[in-house]
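Residue-level structural notes
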Amino acid sequence: MTDNPIRTAGRPGTALARARALPPWSLLAAGTLLGGVLGGSYGVLKTPEYTATSYVIAVPTEQSDPAAALGFAQAYGRVATQLAVLGDAQVWAGVPVSTLRESVRTATSPDAPMVAVTATSTRPDLAADIANAVSRSLTRHANDTEGSTHVELLQFSRAIRPTEASSASATVTGLVGASAGGLLGGLALLVRPRRSPGAAPTASVPGPATAADVHGQL
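As the structure is a computational prediction, the values presented were derived from the model and not from experiment.

**So, the overall build of the protein chain**
- In terms of helices and strands, the protein chain carries 10 helices and 4 strands.
- Of the accessible surface of the protein chain, which amounts to about 14100 Å², a share of 62% is contributed by carbon and sulfur atoms.

**As for the packing of aromatic side chains**
- Within the structure shown, the criterion is met by 1 aromatic pair.
- Stacked on the ring of Trp-92, the Lys or Arg Arg-136 has its end atom at 4.1 Å from the ring centre.

**Regarding the sheet that holds strand β4 (residues 151-157)**
- Taken in spatial order, the 4 strands of this open sheet run β2-β3-β1-β4, and their pairing is antiparallel. Only two strands of the sheet have a single neighbouring strand rather than two, namely β2 (104-108) and β4. Here the average twist between neighbouring strands, direction ignored, is 25°.
- Judged from the 5 bridges that link them, β2 and strand β3 (residues 114-121) form a sheet pairing that is antiparallel.

**Observations concerning the pattern of salt bridges**
- Under the counting rule described, the total for this entry stands at 2 salt bridges.
- Ionic pairing is found between Asp-88 and Arg-140, a salt bridge with its closest N-O pair at 2.5 Å. Placement of the pair is Asp-88 in helix α5 (residues 83-93) and Arg-140 in helix α7 (residues 124-144), with a sequence separation of 52 residues.
- We classify Asp-88 as partly exposed; its relative accessible area is 23%.

**Brief notes about the packing of α5 against α7**
- The N-to-C vectors of α5 and α7 enclose an angle of 135°; their axes lie 8 Å apart at closest approach. Taken together, the axes of α5 and α7 are oblique relative to one another. Classified by chirality, the crossing of α7 by α5 is right-handed. Contacts between α5 and α7 pair Ala-84, Val-85, Leu-86, Asp-88, Ala-89, Trp-92 and Ala-93 from the former with Leu-126, Asp-129, Ile-130, Ala-133, Val-134, Arg-136, Ser-137, Leu-138, Arg-140 and His-141 from the latter.

**So, the nonpolar core**
- Ranked by internal contacts, the top residues of the largest apolar core, which has 30 residues, are Leu-100, Val-115, Ile-130, Val-134, Leu-138 and Leu-153.
- Elements supplying a minimum of two residues to this core: β1 (50-60), α4 (66-79), α5, α6 (97-103), β3, α7 and β4.
- Once you skip the residues sitting within four places of it in the chain, Val-134 turns out to touch Ala-80, Val-85, Leu-86, Ala-89, Val-104 and Val-117.

**Here we look at the environment of Arg-123**
- The residue Arg-123 is located in the loop between β3 and α7 in this model.
- The spatial distance from the C-alpha of Arg-123 to the C-alpha of Pro-162 is 9.3 Å, given a sequence separation of 39 residues.
- At 3.1 Å, the side chain of Arg-123 and the side chain of Asp-125 are in polar contact.

**Here's the deal with the side chain of Ser-137**
- Here Ser-137 shows up in helix α7.
- According to the relative accessible area criterion, Ser-137 is buried, its value standing at 0%.
- A polar contact is formed between the side chain of Ser-137 and the backbone oxygen of Val-85, at a distance of 2.7 Å.
- Those residues in contact with Ser-137 that sit more than four places away from it in its chain are Val-85, Asp-88, Ala-89 and Trp-92.

**Comments concerning α5**
- Within α5, burial applies to Val-85, Leu-86, Ala-89 and Ala-93. Around the axis of α5, the buried residues are gathered within 85° of arc, so they sit on the same side. More than 90 degrees from the buried face of α5, the exposed residues found are Leu-83, Ala-84 and Val-91.
- Phi turns positive one or two residues past the end of α5, at Gly-94, with a value near 75°.

**Quick look at the pairing of β1**
- Bridge count for β1 against β3 is 8 bridges, and the pairing is antiparallel. Its bridge partner being in β3, Ile-57 is matched across the sheet by Met-114.
- The sheet contact formed by β1 and β4 spans 6 bridges and is antiparallel. What sits directly across from Pro-60, in β4, is Val-151.

**Quick word on a nonpolar patch on the surface**
- The grouping of Leu-183, Leu-184 and Leu-187 at the surface amounts to a nonpolar patch, some 320 Å² of accessible area in total.
- Examined against the element boundaries, Leu-184 turns out to sit in helix α9 (residues 170-191).

Thresholds, definitions, all that
Per chain, residues are indexed from 1 in the order of the written sequence. This being a predicted model, a pLDDT of at least 70 is required before a residue's local features are given, and a value of 80 or more before pairs of side-chain atoms are given or counted; all residues contribute to the totals for chains, interfaces and linings. Working from all heavy atoms in the structure, the side-chain values ignore hydrogens and water. The way it works is that DSSP assigns letters per residue, a run of H or I at least four long becomes a helix, a run of E at least two long becomes a strand, and they are numbered from the N terminus. Where accessible areas are quoted, they stem from the Shrake-Rupley method and a 1.4 Å probe; at the residue level, only the protein chains shown are allowed to cover. For Phe, Tyr and Trp, where Trp contributes only its six-membered ring, two rings pair if their centres lie within 6.5 Å, and the inter-plane angle classes them as stacked under 30 degrees, edge-to-face over 60, or tilted in between. In this analysis the charged atom, NZ for Lys or CZ for Arg, is taken to sit over a ring once it is within 6 Å of the ring centre and within 35 degrees of the ring normal. Here a strand pair is declared whenever DSSP counts at least two bridges between the two strands. Axis angles are defined between N-to-C directions and span 0 to 180 degrees, where every axis is a line fitted to C-alpha atoms and, for a helix, only to the segment in contact. Definition used for salt bridges: Asp or Glu carboxyl oxygen within 4 Å of a side-chain nitrogen of Lys or Arg. Here the term buried applies to any residue with accessible area under 20% of the maximum for its type, exposed to any over 50%, and partly exposed to those in between, with areas from a 1.4 Å probe on protein chains only. Note on terminology: angles under 35 degrees are roughly parallel, angles over 145 are roughly antiparallel, angles of 65 to 115 are roughly perpendicular, and the others are oblique. By the definition used in this description, the sense in which the near helix is turned from the far one sets the handedness, with an anticlockwise turn below a right angle giving left-handed and a clockwise turn giving right-handed. Any two residues whose heavy atoms approach within 4.5 Å at even a single point are treated as in contact. Residues grouped as a nonpolar core are buried Ala, Val, Leu, Ile, Met, Phe, Trp, Tyr and Cys residues, joined through side-chain atoms within 4.5 Å. In protein, a polar contact means a hydrogen-donor-capable atom and an acceptor-capable atom, both N or O and within 3.5 Å, with residues adjacent in sequence counting only if both atoms are side-chain atoms; elsewhere, any N or O pair within 3.5 Å suffices. Each C-beta atom gives one direction from the helix axis, and the arc is the one those directions make. Patch membership is restricted to residues that have no salt bridge and whose relative accessible area is over 30%. Joining uses 9 Å for like charges and 5 Å for the nonpolar side chains Val, Leu, Ile, Met, Phe, Trp and Tyr.

Structure, rendered in structure tokens:
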């Protein structure tokens, strides 16, 4: 036996009426709660990452000046992630070049002739080994051309094994997820169906009197 078509057609209207009856804060609360749960779960399930940084410094020789050392430090920071440097670093780090490309980042300062080599890995000991290996390879390549550049590259500080993860904790990811969920809940609140105002009552107009009624009144 099939459902009554009139009753079936009224179901979407019932669901819409229930959605309109929900208090406005319910969408914000639901979005914040759901976002917090998803963000916290991501922080718990994601593998933590560790970061280690080593520093090398460019030193001018007697035939050069500090300004030249600063310029070469900028150049060395750009070539530190090139294949020529990473090709030698992979031997000391014990990982392929592709891993070095993904995990190594360099940074230089406009005021000091120093290069920071940062490596990220899911293993804290490997992060330090990669940073030190790239710094060693960069220093060797730079010093091979010291006779023409008149700048010597020295290791300023070795990377040490990090003791804490550099990736965001579950608390941080949970707060970020809750904020994003609350924002989405607010946007949903703006576009939610609003309760339509009641229709204004219309005045009833009496029907035309029949001929018999008119005759009885005369």
